[in-house]
Amino acid sequence: MTSIIMIILSTNDIGNGGVKSIADALKGNTSLTSLNLSTNEIGNGGAKSLADALKVNTTLASLNLKENQIGNEGATFLANALKVNTSLASLNLRYTQISDEGAKSLADALEANTSLTELSVPANVHSGIIGKIKARILSTRRTQKRKFLEALKSDEKAPLNRSRLMFVGQGKAGKSATVRSLLGKGFNPDWDSTIGADISERMTSSATSKWRNPDDLKGDFTSRFAARLMVAHSNTRNRPNAKATAQVGKTKEKTNLVLPSHINKMLNEEAINDSTKTTNATVSNDPESARIRNVQHNESSSGRIRPSLKNTSVQVKQEPNDEIVREFEEKLFLDAKRDVNSLTLSLWDFGGQQVFYAMHHIFLTQSGVYILLFDMRELLEPTKREEASKYLLFWLRSVKLHAPKASLILTGTFLADVGERENLRTVDIILRELIKATFSQIVPNIDESFIYFPIDNKEGLGIDKLRGIVEESARNDDGVFENVSIRWMAFLDKIYSERDKVSYLTLSRDIRDIGLEVGISNSIEQEAALALFHERGLLIHLTSTLVLKNIVVIKPQWLIVVLSKVICDGNLHIDKDQFKHVGLEEDLKATFEKGLASRDFLEYVWKGECELEQVDFFLDLMQRTMLLSKWIFSKNELYLIPSLLEDYLVEKETIKGRRCVIDFSNNFLPIGVFQRLLCLCVAHSVRGNENESDHNELIMEPSLHKNYATIEFEPGFKVHLLQDEEAQTITIFVRNDEFAGKCLRIVQAMLRKVNHDVMGSGLHWDIYLENGVTKELMCFREAQKEKLPPWFSTTESEHLIETSVISLAENVDLLRFLESL
């Protein structure tokens, strides 16, 4: 029973023997919160079994035992359990054989109990005993409410308990099917491939539990966090070594936290209620039972009687409009008991088509868990092995580049088709040879002595095991349990409250104002909170430049969808007839054949996702993340999107010019680096064209392909760029020696810009320069030391210019960077 949170077994004649088995299971259970055993012929023996379980169980919050044969002896057993139990909030003993004696034992137990807030006993119990039960229940309610409000008003800290899962791999490897399997959804052979990335959220309460929809999606992080603080304190006292609660309470002080209005109203009303201890209760005519519920202490004539619930005999006046209090009374605290050690998982399913890879770099984070999926059949098929290995190596290196300390889980799909264990061993041998000893972050499959986890989504094989290892890996990340203050939750609530109106906020105005409103006036703390929210998948905040840093996207899926409307596979993801119908057939053709998108095309594909005035926002965002560049070599308003360019077959020996080889083979040349280099080169060429337009000496239009380009930066300054994916190199050919040194400085600066802004400064490369006399390549340091012409100048002034241009790449916005070139 490790994956179930509610069980209803009413009217099953379970009896004492059957309930003993259930009670034994409860002793070690950590997920069940509600158990209904009504009408099951359970007597005093069964009550004793349940009482023994309640003495050690720490998660069950609701127990329904009505219409059973439990008498006073059974009530005494349950009463003794209540004295030590800290989780049970609701106990239903209506229509049982308990009389005054048993009810008195229960009432006495409530003097020691601090969690029970609802107790139902038979109607024949003496009113004085019912009054005693009622008074104690009310006292517990008041205590819980006071602690809840104290938590809200404090600056107490607790873990966010949230991780991010990133599913990556080659297209058609089964990423989306695996995500669906982990979410408990059935296999769908007709499921469309992921476009860009899909984001979903789930919550889990234990290392082997099923994943469920998180309550946090409903908002109100603040009050849920405060309720969890309360429960964590209780659990820490009883289980001081619990990892997720060990740090709770180290910081507890009053703060200037400004809470939402409905919470502030509760705080103000509580101050009034504290001075009034008179309870107005109305007892219904239902003679069958006495069910105790919460009472608000206020004699105001504005109080109203809460609508009657079925089989309820005691009702109390509620304060008007006290929404958060009612939520707390009925559900919030019970949810917090269930979720105190839970983990919320943000699942990012990244599209596997190569066209998306350049875009993915801006969404990969340093922390979280990466699940790299691959089709085992392709590794076993000799004709497909090389291509499959290439994609595997690309993603292994990409994860290491962006998240060198994050857990990486290799997952092989189509287990049912692979079949024999010998084939699984072969896959393991291939992977070990591919990986060697360079990826220490890989999580091993210890049970099977593999370096990967084989699964089959259609047959459901290996899914439970994978789910367990994914969660275990997430829980092993110490960052998941890093303490945050309740102020940060109020900050997040306020940010999320804007999502109904806008999709992004500005740091300089919106975020600063929200921070001030919730009592976080320090910009450093605001940005630290945003950094955490970004890492955990709650929002997107890119910080590589001041302009990007000023944008806080509060709807991550919205941003991905909009970008994927343009950066996608034209053959898979575009309805060509639709564009023909609206007269954009030629625009569509130019976009996916030449990588040149018109303004009309972009406005059309984005019209369903953003307002017309937001088109300029996206154009600017894509330029600053180097996914797009303005194209002025046409009468129409066009934009270059290098990710959409096609390959070009070119013989390296036929390209003319002095060579500058940028070698990534000792590290990694990710897909997206060359495309961004083209963006910067075209942007620099555009600026050169604008500067020369007044002199009637326009620069030639660039010739661009996915792997090869010819670009003129200024009249006479022409270069060729060639990417060799197999050799992991980018070669620059300079046609005119006069510009060789300048070209070297520009390309170095551009690569540093790409590395700093997009690649997390994880790229490393070596530079080799052609000797004009011998035609041989010389390493950069040796060439610099010897002042190898035409690459290096002998004058100090030009050396200073070179140094300043290269260093400026990492510290300025894109436009200023281009100006510096």
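Attention in this report is confined to the structure presented alongside it. Not measured: the values here are computed from a predicted model.

Once that is clear, we can look at the overall build of the chain. Helices and strands together make up the secondary structure of the chain, namely 30 helices and 29 strands. When the 821 residues of the chain are sorted by exposure, 57% land in the buried category. Pairs at least 24 apart in sequence give 75% of the contacts found in the chain among residues at least 6 apart. For the chain, the exposed area adds up to about 34,700 Å²; of that, 48% sits on carbon and sulfur atoms.

The antiparallel open sheet is built from seven strands, whose spatial order is β24-β25-β26-β27-β23-β28-β29. One side of each edge strand has no neighbouring strand; the edge strands of this open sheet are β24 (703-704) and β29 (777-779).

The next thing to look at is the pairing of strand β26 (residues 717-724). Within β26, six of the eight residues are buried, which leaves the element mostly enclosed by the surrounding structure. Two strands pair when backbone bridges link them, and strand β25 (residues 708-714) and β26 are joined in this way by six bridges, in the antiparallel orientation. Its bridge partner being in β26, Glu712 is matched across the sheet by Lys718. Hairpin connection, β25 to β26: the antiparallel pair is bridged by two residues, and Gly716 has positive phi, about 85°. By the bridge criterion, six bridges tie β26 to strand β27 (residues 729-734) in an arrangement that is antiparallel. When the bridges of β27 are listed, Leu722 appears paired with Thr731. Between β26 and β27, which pair antiparallel in sequence order, lie four residues; one of them, Gln728, sits at a positive phi of approximately 60°.

A few words on the pairing of strand β7 (residues 162-169). Taking burial as the measure, the eight residues of β7 include eight buried ones, the bulk of the element. Across the two faces of β7 the burial is the same, with Arg162, Arg164, Met166 and Val168 and Ser163, Leu165, Phe167 and Gly169 all buried. The pairing of β7 with strand β13 (residues 343-350) spans six bridges and is classified as parallel. Across the sheet, the residue bridging to Ser163 is Leu345, located in β13.

Scanning all chains against the criterion turns up 35 salt bridges. The residue Asp813 makes a salt bridge to Arg624 at a minimum N-O spacing of 2.5 Å. On the criterion of sequence distance, the pair formed by Asp813 in the loop between α29 (796-808) and α30 (814-820) and Arg624 in helix α25 (residues 615-624) is long-range, its members being 189 residues apart. With a relative accessible area of 11%, Arg624 lands in the buried category.

Each value, and the rule that gives it
- Residues numbered from 1 in each chain as written.
- Predicted model: local features only at pLDDT ≥ 70, side-chain atom pairs only at ≥ 80, totals over all residues.
- Heavy atoms only, no water.
- Helix = DSSP H or I, 4+ residues; strand = E, 2+ residues; numbered from the N terminus.
- Buried < 20%, exposed > 50% of the residue type's maximum accessible area, 1.4 Å probe, protein only.
- Contact = heavy atoms within 4.5 Å.
- Areas by Shrake-Rupley, 256 points an atom, 1.4 Å probe, with all protein chains shown as cover.
- Pairing = 2+ DSSP bridges.
- Salt bridge = Lys/Arg side-chain N within 4 Å of Asp/Glu carboxyl O.

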